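Observations on chain architecture
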Amino acid sequence: MDAEVTKPDLSPVPIWRCKNNECKAWMREELAASPSPECPLCKGGMLKSIKHLPKLVKKKPRKKP
């Protein structure tokens, strides 16, 4: 019997990706530190793009007793 593997729902998400084709860096636009970030790996420029990703699940902060 094969166990059913559920894939996460993907949706188009705005991202920043590195202009350098040899660099594979990218980040979600909502998590970028500035309106036009530099690549965190090679320090080059970045381009706006779209990537199909699962939605982020924001954790609730734990209450301290």
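Here's what I pulled together on the structure shown here. If you're wondering where the values come from, they're calculated on a predicted model, not measured in any experiment.

What follows covers the sheet that holds strand S1 (residues 10–18). Here we have three strands laid out as an open sheet, ordered S2-S1-S3, and antiparallel in their pairing. Taken across any chain shown, the strands that pair with only one partner, and hence form the sheet edges, are strand S2 (26–28) and strand S3 (46–54). On average, each strand axis in the sheet is tilted by 40° relative to the strand beside it, whichever way the strands run. As paired elements, S1 and S2 share three bridges and run antiparallel to each other. From the neighbouring strand, Arg17 faces S2, where its bridge partner is Trp26.

With that out of the way, let us pick up the pairing of S1. Sheet topology places S1 next to S3; nine bridges connect them, and they run antiparallel. Bridge pairing in S3 links Val13 to Lys51.

Further remarks concern the pattern of salt bridges. For the coordinates displayed, the defined rule picks out one salt bridge. The shortest N-O distance in the salt bridge between Lys48 and Glu29 comes to 3.2 Å. Here Lys48 is found in strand S3, whereas its partner Glu29 is found in the loop between S2 and S3, with 19 residues between them in sequence.

Of note, Arg28 is situated in strand S2. Here Arg28 sits buried without a salt bridge, and the closest side chain of opposite charge, Glu30, lies 4.2 Å off (N-O distance). Beyond its immediate sequence surroundings of up to four residues, Arg28 is in contact with Val13, Pro14, Ile15, Leu53, Pro54 and Leu56.

What counts, and where the lines are drawn
- Residues numbered from 1 in each chain as written.
- Predicted model: local features only at pLDDT ≥ 70, side-chain atom pairs only at ≥ 80, totals over all residues.
- Heavy atoms only, no water.
- Pairing = 2+ DSSP bridges.
- Helix = DSSP H or I, 4+ residues; strand = E, 2+ residues; numbered from the N terminus.
- Axes fitted to C-alpha atoms, helices over the stretch in contact; angles between N-to-C directions.
- Salt bridge = Lys/Arg side-chain N within 4 Å of Asp/Glu carboxyl O.
- Buried < 20%, exposed > 50% of the residue type's maximum accessible area, 1.4 Å probe, protein only.
- Lys, Arg positive; Asp, Glu negative; His and termini not counted.
- Contact = heavy atoms within 4.5 Å.

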